[in-house]
Every structure is written in structure tokens, then in C-alpha cells.
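Structure assessment
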Amino acid sequence: MNFDLQKIVRENIRNLMPYSSARKEFSGAAQIFLDANENSFGSPLAQNYNRYPDPLQTEIKEKIAKWNTVKAKEIFVGNGSDEAIDLLFRIFCRPQIDNVLICPPTYGMYAVSAEINDVKVKRANLTEDFQLDWSAIQNESDENTKLIFVCSPNNPTGNSFQREEILRIVKTFGGIVVVDEAYVHFSPEQSFVAEVNNFPNLVVLQTFSKAWGLAGLRVGLAFGCEEIIDLFNRVKPPYNVSEIAQQAILRALENKPEADETIAKIVAEREKLIEKLQKFSCVKKVYPSDANFVLVKTIDAERIYNFLLAEKIVVRNRSNVELCAGCLRITIGTSEENDNLLEAISKI
Ligand SMILES: Cc1ncc(COP(=O)(O)O)c(C=O)c1O
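Read on for an overview of the structure. Because the structure is a prediction, the values reported are computed rather than measured.

1. A short note on the overall build of the protein chain
Secondary structure summary: the protein chain contains 13 helices and eleven strands in total. On C-alpha atoms alone, the protein chain measures out to a radius of gyration of 22 Å, which is about the 20 Å that the 2.2 N^0.38 rule sets for 348 residues. Taking the principal axes of the C-alpha coordinates as reference, the protein chain spans close to 70 × 55 × 35 Å. Across the 348 residues of the protein chain, 51% fall into the buried class. The long-range share in the protein chain, meaning contacts at least 24 apart out of those at least 6 apart in sequence, stands at 68%.

See below:
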């Protein structure tokens, strides 16, 4: 592999003099803070939020670093992993010159972020059995391809890709390979986070929105070599994760056993739901899933979607997406919600 980080970073970012926030310039033990134009009188709430939060979310990173075999400096905390996706474009992709490669059907924000940043999207569709198509990836990528997005487990198909196939891309591609592990906690597959120590061109994304049940806080993670994480920190808005979110994440991290229990429940519900869905005549196929949702091929996605909506149940119609004709994507609910869904489908 021919990878040179400095060479693939946009010139304006390489030369960027980052904003230096008050909380970054001073982090000692002063008693009177008159440096950040905050409101020293407090907030009109029971709890005060008048101070800016830690711009580098140090405590969170130290906790997460302990669980993964990475250093705190190899972790970026963002306003959802969507922020990390956008930052990757801004750091590496020259508008109207560079391109990125995605493997559809996959998470829609990669292409939307590309569009927003005026960066071309190349597509190497998955194979019929939803695996990565190595030769399509090779054919589609060129010298201006800066990012390859690999979502595993993949949204909306739900499956994980073969580890060796992902590693083959990481080992051969001269740009950044982004392995999006938003759903990895529901999967028996091993995370790629530890691999960031072995590959300087690997960025792994995770999120608190799924397994941790904290989508409303908007907190996501990127793992990568220190140099890449340093670039994220230079480009991100200074205070990108709020004090409320940081405090709640720290409390949640203390309750990991509870989060693990929820994951186990979702996985058990998923397997029950897959088995039951397969029995309906309107269901052609339920794809195996390593995520907290299942992709279901039906005889008529539009009709079933509308029928469920009339029953006050909303699922995601993915029938217009590549390789997903007739498909609905159904998030795993609570046991009761899943029973209601099954009962509604039985009326079709
Ligand atoms: C594959 C994938 N990556 C990232 C995200 C975004 O996660 P976040 O809530 O952390 O922005 C999603 C959300 O659905 C997703 O499906």
C-alpha cells in the first residue's frame, strides 16, 4: 500500500491555523473565569450550564480508551457519527476534484455529505448476496478517490461483510477506508477498532445512537491514528459536544452492564421476529441480520408499508434502493411492539 497522510489531506486543511478556544488555552485550576465571555451569573435552570464544555471530551475518551485497545488520542467524539462523516469530506476531499467510493445499498448520508461538500460519488454496488464486490471497487476507484465507505454491519441490508475482504481494501487502498460500525454491538463479528493501530489509513466509526440507546444526545465516535484524529480536532467546531451530552454519556458509561443487557434483548427479539416474519405469505425473504433491524423482501412493499401505517406502525420502505426491490427495513422494537407488528401483518 502506498499511503501518505500528508499527501491526501487538502492543502487548506494542512495549512489551517485552528481556532483556539478559551477552554483550550486555559485548562488549569483558576477560580474566577473571565476568559470566555460566558455568563458568570448562571442559568435560569436548577442546574447551571453557563460554562462551555470540555472541547476535547477528555473524560469520555479516557473511559472509552480503556475498553478498546486504543489511546485517548486515537478517539474523536462528535455530534453524532454524522459529524465525523462530514469532517472526513472536509479534511480529505477537494470539492469538484476528488471523489469517494460507496458500496450501495448503504447508509444514505455518505452520498448526501458528498453532495453537500460538492464531491463526486462513485458506486461499487454490493453483489447479489450483499457482499463487497472487490473487482467493482478496484474498477471504480481512481487516483482522486480519497475515501471508501464500508458499512459493516451494513444499513439497510443488515449483514456484516467478510473481515478478510475489508482488510484487503484497507491494505491496498492509498486513501482512507472508513469502516462504519454503527451496528457492530449487535453482531458477533469482532470490531475493527483495534486495527487502527495497524493501519494508518483506517477510520472506524461507532455511535451512541444504537446499542447505547442515546440517539437523542447526538454523540458518535471515530477511531483512527493520532494524526487523523488531530486533523478532526483541528477542523471540528470548538465545542461540538454539549455539556449535557458529555455528562449523560459519562453516566451511561458507568452503566455498561445495563446497555449490554439491552443489546442481548434486542438480538433475542431480532431472531424471534425473523422466524415469525418468514411464515407470512406476503414475505418472500427475511435477510439474516447482525444489526438492530431486519430487511424483509415482500410481495408488495408499497402496499404493506401503507397498510402498516394505517395501523399506526411506521417501518422504512427501501424498495427504491439498489438491490432492494420489494424491501422494507424494520427496526427491532420491544417484545410488545414486535407482537403488534406481527399481528398487523397477519391481517394482510
Ligand atoms: C450506518 C450508519 N452510520 C451512521 C449513522 C448515524 O449515526 P449518528 O446518530 O451517530 O449520527 C447511522 C444512523 O442511522 C447509520 O445507520
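That shown, we press on.
2. Here's the deal with the site of the ligand
Near the ligand there are 13 residues, and of these Ser81, Asp180, Tyr183, Thr207 and Ser209 occur at the shortest range. Within the contact set of the ligand, an oxygen atom lies 2.9 Å away from a side-chain nitrogen or oxygen of asparagine 155. A distance of 2.6 Å separates an oxygen atom of the ligand from a polar side-chain atom of serine 209. Contact with the protein chains hides 92% of the accessible area of the ligand, taken as 400 Å² for the molecule alone. Split into classes, the residues belonging to the shell around the ligand amount to four nonpolar, five polar and four charged.

3. Some remarks on the environment of serine 27
Topologically, serine 27 is positioned in the loop between helix 3 (22-25) and helix 4 (58-67). You can call serine 27 exposed: its relative accessible area is 66%. The spacing of serine 27 and aspartate 54 is 27 residues in sequence and 9.1 Å in space, taken between C-alpha atoms.

4. Some thoughts on unusual backbone geometry
For the bond running from proline 104 to proline 105, omega is 0 degrees, close enough to zero to count as cis. You will see that glutamine 57, though not glycine, has its phi angle at about 45 degrees, which is positive. Relative to the elements of secondary structure, glutamine 57 occurs in the loop between helix 3 and helix 4. The backbone of arginine 218 sits at a positive phi, close to 60 degrees, despite the residue not being glycine. Locating arginine 218 in the fold gives a position in the loop between strand 6 (202-207) and strand 7 (220-223).

5. Regarding the packing of aromatic side chains
Inspection of the entire model under this criterion finds ten aromatic pairs. Ring centres of phenylalanine 89 and phenylalanine 149 lie 5.8 Å apart, and the angle between their planes is 20 degrees; this geometry places the pair in the stacked category. With a gap of 60 residues between them, phenylalanine 89 in helix 5 (residues 81-92) and phenylalanine 149 in strand 4 (residues 145-151) connect regions that are remote in the sequence. The pair formed by phenylalanine 89 and phenylalanine 149 is uniform in burial state, with each residue classed as buried. Taken together, the aromatic side chains of Phe89, Tyr107, Tyr110 and Phe149 make up a single cluster linked through ring pairs. A cation over an aromatic ring shows up here: arginine 163 above the ring of phenylalanine 192, its NZ or CZ 4.0 Å from the ring centre. The aromatic ring of phenylalanine 293 is capped on one face by arginine 329, whose charged end is 5.6 Å from the ring centroid.

6. Concerning the pairing of strand 7
Neither face of strand 7 is exposed, since Gly220 and Ala222 on one face and Leu221 and Phe223 on the opposite face are all buried. Looking at chain direction, strand 1 (residues 75-78) and strand 7 are connected through four bridges and run antiparallel. Residue pairing in the sheet places glycine 78 in a bridge with glycine 220 of strand 7. Where strand 6 and strand 7 come together, four bridges link them in antiparallel fashion. Within strand 7, the residue paired with glutamine 206 across the bridge is leucine 221.

7. Focus on a negative patch on the surface
Residues Glu336, Glu337, Asp339 and Glu343 make up a contiguous surface patch of negative charge. Turning to its location among the elements, glutamate 337 is positioned in helix 13 (residues 335-346). A residue is classified by how much of its surface remains accessible, and glutamate 337, at 48% relative accessible area, is partly exposed.

8. Points about the pattern of salt bridges
In a structure, side chains of opposite charge can pair up when their charged atoms sit close to one another. For the structure shown, the criterion picks out 19 salt bridges. Between glutamate 311 and lysine 347 there is a salt bridge, with the nearest N and O atoms lying 2.9 Å from each other. In this pair, glutamate 311 sits in the loop between helix 12 (301-310) and strand 10 (316-317) while lysine 347 sits in the segment after helix 13, placing the two residues 36 residues apart along the sequence.

9. Thoughts on the pairing of strand 3 (residues 120-123)
Pairing of strand 2 (residues 99-102) with strand 3 involves four bridges; the strand directions are parallel. Residue pairing for strand 3: leucine 101 is matched across the bridge by lysine 122. In terms of handedness, the path from strand 2 via helix 6 (residues 109-116) over to strand 3 forms a crossover that is right-handed.

10. Some points on the sheet that holds strand 11 (residues 327-331)
A sheet is described by the order of its strands in space; here four strands give the open sequence 8-9-11-10, paired in antiparallel fashion. Looking at strand neighbours, the two that pair on one side only are strand 8 (283-286) and strand 10, the edges of this open sheet. Note: strand 10 against strand 11, two bridges, orientation antiparallel. The residue of strand 11 that forms the bridge with arginine 316 is arginine 329.

Procedures and definitions
Residues numbered from 1 in each chain as written. Predicted model: local features only at pLDDT ≥ 70, side-chain atom pairs only at ≥ 80, totals over all residues. Heavy atoms only, no water. Helix = DSSP H or I, 4+ residues; strand = E, 2+ residues; numbered from the N terminus. Rg over C-alpha atoms; globule rule 2.2 N^0.38 Å. Buried < 20%, exposed > 50% of the residue type's maximum accessible area, 1.4 Å probe, protein only. Contact = heavy atoms within 4.5 Å. Near = heavy atom within 4 Å. Polar contact = N/O pair within 3.5 Å; in protein donor to acceptor, adjacent residues only side chain to side chain. Areas by Shrake-Rupley, 256 points an atom, 1.4 Å probe, with all protein chains shown as cover. Nonpolar A, V, L, I, M, F, W, Y, C, P; charged D, E, K, R; others polar. Phe/Tyr/Trp six-rings, centres within 6.5 Å; stacked < 30°, edge-to-face > 60°. Lys NZ or Arg CZ within 6 Å of the ring centre and 35° of its normal. Pairing = 2+ DSSP bridges. Patch = residues over 30% accessible without salt bridge, like charges linked within 9 Å, V, L, I, M, F, W, Y side chains within 5 Å. Salt bridge = Lys/Arg side-chain N within 4 Å of Asp/Glu carboxyl O. Lys, Arg positive; Asp, Glu negative; His and termini not counted. Charge placed at Lys NZ, Arg CZ, Asp CG, Glu CD. Right-handed = clockwise from strand over helix to strand, strands pointing away.

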